[in-house]
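A look at the structure
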Amino acid sequence: LSCHRYPNMQTGDLYAFPTRWVGAMLFYNKDLFDAAGMDYPTGEWSYDDMLMAAQQLTQVSGDMVDVYGLVTPAGHVALDAMIKANGGNVVSPDYKTCLLNEPMAIESIQWAVDNVLTHKVSPSPAVLQGFAEGAFASQKVAMEIAGSYMCANWAEAEFNWDVTYVPNGSQGRVMYAGPDSVCIARQSAHKDAAWDLVMAFVSPEIQKSMETLKPGTVPFLKEAAQSEGFFKVPGQPAGIQVLLDMAPVARGADFGSQWIEWRSTIMNQELDLAYLGERSVEESVAAATTAIQQVLDSVQWPV
């Protein structure tokens with residue numbers, strides 16, 4: 001419940017109730033691994049192990065790439081968690097200082113960019129836009145770190161796939177994760193009825209029913225998440241246990257004030273220029289850090 005307390009996560013008022021949670025997993029195309037005669041990824045893998053496997057899985061015909069080994073970490077689901085797993089951070093814990101220009105963050109971003117420009121095992125942002133249903137769904141990518149909620153998108157895919165642990169960084173494993181929650185609007189004209197609805201969402205009966213649970217999402221009630229019914233949710237991948245196993249290393253994506261502006265817009269746009277080879281990682285990080293800091297400085301605390 002702590003992530004829903006404000007302004008202090010330990011003692012602040014509770015503003016919402018979690019109903020389920022999602023995290024990140026390493027999705028992999030079993031058919032492509034089988035065709036290459038390779039073992040499937042395991043929980044022992046580091047990011048460099050993933051890169052080495054991607055180099056073997058990448059298939060090139062002349063100037064055309066038929067199969068990419070992976071989608072390199074770029075968005076908040078994969079890149080931010082990798083930075084943290086390597087000992088860095090995107091912003092400070094109080095959301096007031098951008099830390100993207102510190103050594104471990106820069107090294108992590110450089111590793112991700114090298115997958116595109118140097119090792120050529122990952123599609124660039126421009127190429128990714130050409131996959132209408134997503135790169136992994138196209139069967140042109142062997143591996144992708146993505147949110148567990150993507151299980152629902154690929155439940156009826158016409159190829160064999162599964163999930164496993166996100167790789168280990170230099171300082172351990174970090175999984176992007178967070179709760180989906182319900183709350184009551186201050187302006188609600190029916191607060192009592194809204195409260196009854198919230199209580200229904202979080203009740204043991206609903207949590208255990210699995211009737212509305214999508215594959216790749218986890219009931220917040222531990223008893224429900226660890227029940228047989230959770231593993232039998234239609235579309236649930238065989239390896240879904242790894243999502244529960246990684247719960248202790250779950251960290252959010254710095255969802256503070258103005259997150260959409262500084263992370264989803266500014267950071268993505270500035271770093272994309274590095275992934276596209278139009279600017280160095282150092283230059284992109286410097287530009288992103290300056291712009292992000294301006295947004296963070298504009299926030300009036302407490303929000």
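Nothing here was measured: the structure is a model prediction, and the numbers come from that model. (Residues numbered from 1 in each chain as written. Predicted model: local features only at pLDDT ≥ 70, side-chain atom pairs only at ≥ 80, totals over all residues. Heavy atoms only, no water.)

**Some remarks on helix α4 (residues 103-117)**
- If you check α4, its first and last C-alpha atoms are 20 Å apart, about what 15 residues at 1.5 Å a residue would give, namely 21 Å.
- Listing the buried residues of α4 in full gives Ala105, Ser108, Ile109, Trp111, Ala112, Val113, Asn115 and Val116.
- Against α2 (47-57), α3 (76-85), α11 (259-275) and α12 (281-298) lie the buried residues of α4. (Helix = DSSP H or I, 4+ residues; strand = E, 2+ residues; numbered from the N terminus. Expected span 1.5 Å × (residues − 1). Buried < 20%, exposed > 50% of the residue type's maximum accessible area, 1.4 Å probe, protein only. Contact = heavy atoms within 4.5 Å.)

**Re the side chain of Asn29**
- With respect to the secondary-structure elements, Asn29 resides in strand β3 (residues 17-29).
- Residues contacting Asn29, with those up to four places away along its chain left out, are Phe136, Gln139, Val141, Ala142, Phe159, Asn160 and Trp161.

**Here we look at the pattern of salt bridges**
- Under the criterion given, the structure shown has six salt bridges.
- A salt bridge links Lys232 to Glu228; the shortest N-O distance between them is 2.5 Å. Each member of the pair, Lys232 as well as Glu228, is classed as exposed. (Salt bridge = Lys/Arg side-chain N within 4 Å of Asp/Glu carboxyl O.)

**Topic: the packing of α4 against α12**
- Between α4 and α12, whose axes approach to 10 Å, the crossing angle comes to 125°. Regarding the angle of α4 to α12, the classification is oblique. For α4 against α12, the interelement crossing comes out right-handed. Listed contacts from α12 to Ile106, Ile109, Gln110 and Val113 of α4 are Val281, Glu282 and Val285.
- Here the residues of the contact of α4 with α12 sort into five nonpolar, one polar and one charged. (Axes fitted to C-alpha atoms, helices over the stretch in contact; angles between N-to-C directions. Parallel < 35°, antiparallel > 145°, perpendicular 65-115°, else oblique. Left-handed = near helix turned anticlockwise from the far one by under 90°. Nonpolar A, V, L, I, M, F, W, Y, C, P; charged D, E, K, R; others polar.)

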